[in-house]
Amino acid sequence: MAEAEATPQDVLRQGNLIIPPADTSDTELVRRRRSKVPPSKPAGWLAYIVLVLLTVVSYSPIFLSSLAWSEYDQVERSPYQSMEAWTEAWALEIIRKEDPITLSSYFIEQKIPLAPSGTHHAINLLLHITAAILLLKNLEALKLSAAFPSALVFALHPTALQTIFWSGYREELIGLILILAALHFGIQNRNARDYFMHTMICVIAYISHPATLILPLLLGLCIFYKNGSSKFKDYNRLLPLLCLALFIGVWTQDGSATVELELGERLGISAQNFFFYLKQAFLPFEKALFYPFDQSKGFSTGVQNSFFPILLLIPFYILLAINLRKTWARGLLLGLTAYLLLIIYGLSQAGTFIDGSLALEDHLQYVALPIIIALFICTADGITGSMGLKGKILSRLVFSLFAGIQMFLTASYAYSLSDRAQMWYNLSEQWPNAWIPKYALIDTIEKSGKESDLLTNNEKIEILEDILDQQPERTEVREKLIHIYRKEGQNSNALRQYKHILRSYEPNNEFLLEAAEFYDRIGLNWDANNARERITQ
């Protein structure tokens, strides 16, 4: 359609200056000014192929590991571990506390006729790639030029590896997908179908993950960023979603089980979580599945530190409020506020190591991770973009280098997890006072039937003896120690452990037969007969 031709009568002049009509609003002027700027080009099919391939290559070493639902993890990471049928996942009480979609997916994957661990990791990786693609779609819908770099860095980020590799954290992957899918339809809002899809996904999301309850606020921020308007008519479609979030939130959170902690303890944990999440988002050079919680800082110090970020944010938000008419200020307001809203879930949680002790875990910030990444990269892209051609070239070079470092860190971390013995060795080094990773290391080496460069037999004996000093009731540790004693020819030490188990416990028939054969071998026939008499038919 041809544009109407402007007439001289429509234009007011004062000398050489053109005065706009009095009824032309600032918002309209901004809209006209923006219309002259060519929109950012959406990512093509080649970009999606690159994103998928680089992500698969980076995480591919985890498929060399046969670990899924580790037998050494004493913490129940998911109610699935104690369920017998998928129908239990859809019981009303379970829906109030857990994500039924995630629980059902665990049962479905058991029906796939492939290696269980490979199937488990493949599904998690596919969900992670889906989240990265949805992030790209959302950033493009917001007309952000750094949409693809942000999505790629998130896809390759090593912090996501714990969520993908360690069993029991799939609800984080599904939760993020639901958040991004709901925002995608909410931002587009082209017709009634988009609104219907957005509403349905929101309802499913509210039941699936606690962090999704702030979806109406996230969409409100996106609307404000795009329109720069605070008129009620632009936000009235959020009211039903907000009411649903409040209703479902009260219903689900009232039935959720939370760890009872004092206010000071909870603030201290939240403070450590916050600084840990920021460090892992921007400097993910330390690689571990679980990070020790620093008890030496004390909860009182944590309480003081918990107010420090708030004090820093106050002047920053004042600056944004002064410049809200500017796009960059609304963009920063969207990114920072969305991150803070989503990270509340992770801050309120206490991570646990495999022995149940407090730990810092990466999976608790997974749903907020893409927001902080997009905020940082899009801000950097905006700054370099204002520098002209040189800035754009610098931006591309820095991004390529950053993505390459991310890919190297993730691939090397994934490779260290592919070797189960090496993984347990790393955990035992990072948690020197925990006995489970040390025992898991020795047990993994012994079950492999191969010699390992990680530990000698004498080192294994020393570790197991130290474990028994702390956990004398662990018969499985004594049995493992007996086998290594016998391998090293230390029959007297093996005999002492055999007698301790036979005297203090009721071992199974296999162990009784093994003890009897050992007694015969060293000439203790009377003890051998006594052991055989205890064998039950």
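Basis of the calculations
- Residues numbered from 1 in each chain as written.
- Predicted model: local features only at pLDDT ≥ 70, side-chain atom pairs only at ≥ 80, totals over all residues.
- Heavy atoms only, no water.
- Helix = DSSP H or I, 4+ residues; strand = E, 2+ residues; numbered from the N terminus.
- Salt bridge = Lys/Arg side-chain N within 4 Å of Asp/Glu carboxyl O.
- Buried < 20%, exposed > 50% of the residue type's maximum accessible area, 1.4 Å probe, protein only.
- Core = buried A, V, L, I, M, F, W, Y, C linked by side-chain atoms within 4.5 Å.
- Contact = heavy atoms within 4.5 Å.
- Expected span 1.5 Å × (residues − 1).
- Polar contact = N/O pair within 3.5 Å; in protein donor to acceptor, adjacent residues only side chain to side chain.
- Axes fitted to C-alpha atoms, helices over the stretch in contact; angles between N-to-C directions.
- Parallel < 35°, antiparallel > 145°, perpendicular 65-115°, else oblique.
- Left-handed = near helix turned anticlockwise from the far one by under 90°.
- Nonpolar A, V, L, I, M, F, W, Y, C, P; charged D, E, K, R; others polar.
- Pairing = 2+ DSSP bridges.
- Patch = residues over 30% accessible without salt bridge, like charges linked within 9 Å, V, L, I, M, F, W, Y side chains within 5 Å.
- Areas by Shrake-Rupley, 256 points an atom, 1.4 Å probe, with all protein chains shown as cover.
- Lys, Arg positive; Asp, Glu negative; His and termini not counted.
- Charge placed at Lys NZ, Arg CZ, Asp CG, Glu CD.

Novice: Just checking my understanding: could you explain unusual backbone geometry for this structure?
Specialist: With phi around 55 degrees, W69 is a residue other than glycine that occupies positive phi space. Along the polypeptide, W69 turns up in the loop between α2 (45-59) and α3 (92-97). The residue N189 is not glycine, and still its phi comes out positive at about 45 degrees. By secondary structure assignment, the location of N189 is in the loop between α8 (170-188) and α9 (192-208).

Novice: Looking at this structure, how should I read the pattern of salt bridges?
Specialist: When the charged atoms of two side chains with opposite charge come close together, those side chains can pair. Counted according to the given criterion, the structure contains 16 salt bridges. Between D73 and R77 there is a salt bridge whose closest N-O contact spans 2.8 Å. Given a relative accessible area of 11%, R77 falls into the buried group. A salt bridge links R77 to E361, with the nearest nitrogen and oxygen atoms 3.8 Å apart.

Novice: Can you help me understand the nonpolar core in this one?
Specialist: The nonpolar side chains of a soluble globular protein tend to be buried with one another. F154, W166, L215, L289, F290 and W424 are the most contacted members of the largest nonpolar core, which has 143 residues in total. Considering each element in turn, this core owes the most residues, 12 residues, to α8. Leaving out residues up to four positions away in the same chain, W424 has contacts with S70, Y72, W166, I354, P437, A440, L441 and T444. Listed in part, the 7 residues of the second largest apolar core include M83, A89, L103 and Y106.

Novice: Just checking my understanding: could you explain helix α5 (residues 116-141) for this structure?
Specialist: Structural remark: α-helix, 3.6 residues per turn; residues separated by three or four positions point the same way. Helix length check: α5, at 26 residues, gives a terminal C-alpha distance of 38 Å against a target of 38 Å (1.5 Å per residue), a fit within 8%. One or two residues past the end of α5 sits K143, with phi positive at roughly 65 degrees.

Novice: Would you mind showing me how to read the side chain of S167 here?
Specialist: Within the secondary structure layout, S167 lies in the loop between α7 (161-165) and α8. There is a polar contact of 2.9 Å between the side chain of S167 and the backbone nitrogen of W69. Side-chain polar atoms of S167 contact the side chain of H120, separated by 3.2 Å. With residues near it in sequence (within four places) discarded, S167 still touches A68, W69, R77 and H120.

Novice: Just checking my understanding: could you explain the packing of helix α21 (residues 491-504) against helix α22 (residues 509-521) for this structure?
Specialist: When two helices pack together, their arrangement is given by the angle between the helix axes and the distance between those axes. Running from amino to carboxyl end, α21 crosses α22 at an angle of 140 degrees, the nearest separation of the two axes being 11 Å. Here α22 runs oblique to α21, going by the angle between their axes. In this structure, the crossing between α21 and α22 has a hand that is left-handed. Across the interface between the two elements, N491, A494, L495, Y498, K499, I501 and L502 from α21 touch F511, L512, E514, A515, F518 and Y519 from α22. Taken together, the residues that form the contact of α21 with α22 break down as 10 nonpolar, 1 polar and 2 charged.

Novice: Would you take a moment to explain the sheet that holds strand β3 (residues 291-292) for this structure?
Specialist: Backbone-to-backbone hydrogen bonds pair the strands of a sheet. The strands run either parallel or antiparallel. Taken together, the 3 strands give an open sheet; going across it, the order is β3-β5-β4, and neighbouring strands pair in antiparallel fashion. Since the sheet does not close on itself, it has two edges, and those belong to β3 and β4 (351-352), each with one partner. Sheet analysis places β4 next to strand β5 (residues 358-360), joined by 2 bridges and oriented antiparallel. Note on β5: the bridge partner recorded for T352 is L358.

Novice: Quick question: what am I supposed to make of a negative patch on the surface here?
Specialist: Residues E459, E462, E465, D466 and D469 make up a contiguous surface patch of negative charge. Here E459 lies in helix α19 (residues 457-470). The class of E459 is partly exposed, set by a relative accessible area of 36%.

Novice: What is the right way to look at a nonpolar patch on the surface in this model?
Specialist: The grouping of F282, L283, F285, F376, L401 and I405 at the surface amounts to a nonpolar patch, some 590 Å² of accessible area in total. A relative accessible area of 49% means that L283 is categorised as partly exposed.

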